[in-house]
Amino acid sequence: MALLKIANDLLISCDNGKVSIHALFDLSASFDTIDHSILIQRLSNKYGIKDIVLRWFALYLTGRTQSVLVNGKQSDPLPLNIMYTMPLGRFISAHGVNYHMYADDTQLYKSAVPSGIHRASSDIVQCCSSIWHWMQDYKLKLNDDKTDIMLCGTPSNIKKTILPSILVGDCHISMSSKAKNLGVVLDDCFSIEHQINQMINTMNFELKRIHRIKQYIPLHWLKTVEEV
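Report on the accompanying structure. Small disclaimer: the values here were computed from a predicted structure and weren't measured. (Residues numbered from 1 in each chain as written. Predicted model: local features only at pLDDT ≥ 70, side-chain atom pairs only at ≥ 80, totals over all residues. Heavy atoms only, no water.)

Turning to the pattern of salt bridges, a few remarks are in order. On inspection of all chains with the given rule, the structure shows 4 salt bridges. In this structure, Asp9 and Lys5 form a salt bridge, with 2.5 Å as the shortest nitrogen-oxygen distance. Residue Asp9 and its partner Lys5 are both found in helix α1 (residues 2-15); the two are separated by 4 residues, about one turn of the helix. The exposure class assigned to Lys5 is partly exposed, which follows from its relative accessible area of 47%. (Salt bridge = Lys/Arg side-chain N within 4 Å of Asp/Glu carboxyl O. Helix = DSSP H or I, 4+ residues; strand = E, 2+ residues; numbered from the N terminus. Buried < 20%, exposed > 50% of the residue type's maximum accessible area, 1.4 Å probe, protein only.)

Attention now moves to unusual backbone geometry. One non-glycine residue, Phe190, lies in positive phi territory at about 65°. Here Ile192, not a glycine, exhibits a phi torsion of approximately 50°, which is positive. Tracing the backbone through its elements, the reader meets Ile192 in the loop between β12 (184-187) and α7 (193-213).

We now examine the environment of Thr154. Checked against the element boundaries, Thr154 lands in the loop between β8 (148-152) and α6 (155-159). Separated by 34 residues in the primary sequence, Thr154 and Asp188 place their C-alpha atoms 8.2 Å from one another.

Taken together, the side chains of Ile192, Ile196, Met199, Ile200 and Met203 make up a nonpolar region of the molecular surface, amounting to roughly 440 Å² of accessible area. Among the secondary structure elements, Ile200 is positioned in helix α7. (Patch = residues over 30% accessible without salt bridge, like charges linked within 9 Å, V, L, I, M, F, W, Y side chains within 5 Å. Areas by Shrake-Rupley, 256 points an atom, 1.4 Å probe, with all protein chains shown as cover.)

Turning our eyes to something else, we now look at helix α5 (residues 117-137). Here α5 is 21 residues long and its end C-alpha atoms lie 30 Å apart, about the 30 Å a rise of 1.5 Å per residue gives. All of the buried residues along α5 are Ile117, Ala120, Ser121, Asp123, Ile124, Cys127, Cys128, Ile131, Trp132, Trp134 and Met135. Among the structural elements, β1 (19-25), α4 (88-94), β7 (105-112), β8 and β9 (165-168) are those in contact with the buried residues of α5. Downstream of α5 by a residue or two, Lys139 has a phi angle that is positive, lying close to 60°. (Expected span 1.5 Å × (residues − 1). Contact = heavy atoms within 4.5 Å.)

Here is the key point about a regular strand: its side chains alternate between the two faces of the sheet. With 7 of 8 residues buried, β7 is to be regarded as a mostly interior element. Pairing between β1 and β7: 7 bridges, direction antiparallel. Paired with Ser20 across the two strands is Ser111, which belongs to β7. Summarising the sheet, strand β6 (residues 98-102) and β7 pair through 5 bridges and their orientation is antiparallel. Each residue of the ladder has a partner; that of Asn98, found in β7, is Tyr109. (Pairing = 2+ DSSP bridges.)

On to α1. With 14 residues, α1 extends 20 Å between its outermost C-alpha atoms, agreeing within 8% with the 20 Å of an ideal straight helix rising 1.5 Å per residue. Buried within α1 are the following residues: Ile6, Asp9, Leu10, Ser13 and Cys14. Down the axis, α1 shows its buried residues gathered within 140° of arc, on one side only. Facing away from the buried side of α1, by more than 90 degrees, are the exposed residues Leu4 and Asp15. A positive backbone phi angle near 80° is found at Gly17, which sits one or two residues after α1. (Arc of directions from axis to C-beta.)

Listed below in structure tokens is the structure:
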């Protein structure tokens, strides 16, 4: 549903003769970089959690570890961490930018007519700056160099829109022609050609693997595997 919502918004803007700046952020090890003392402080100051309930959270988060047990072998225990990006929504909304957040995935997008794209770009840059500084303050890391930004619209509108890059943190991010969004490869003109090509390559690879072992598989099983 999240992907459909974003794609639908971008397509509606495209149909209205607008171009859209679409930024997809990459958070580095976001579940490993949280500071529990900051989390406890936010629960108390921002959400009014006090006394016994706050102590319960503190006890739950203090000294907890997690590990994986596979075939009788257990990994070394690591601290249990939790993600907390809820306040980001307020920062983003204050800049008049559309956004979507899911787990550690954060996306921004804003549309404008080609002649007004620099105003939209300025809003995106200021919003990115707010996000970047907030993450620095709360010990989270935004991978500037792994952030993808696309300029989406019709080919004719993209050609007459001059926007070489967007400043994110300390990096100028150049426009990409495609980006992976929640597992689906989207391109700047909504052709989904890259996604189709990726699926074809994956299917061809799997068919070649089946071909190598087909002499060892009963025919009715082989048909079932190929259909799958």
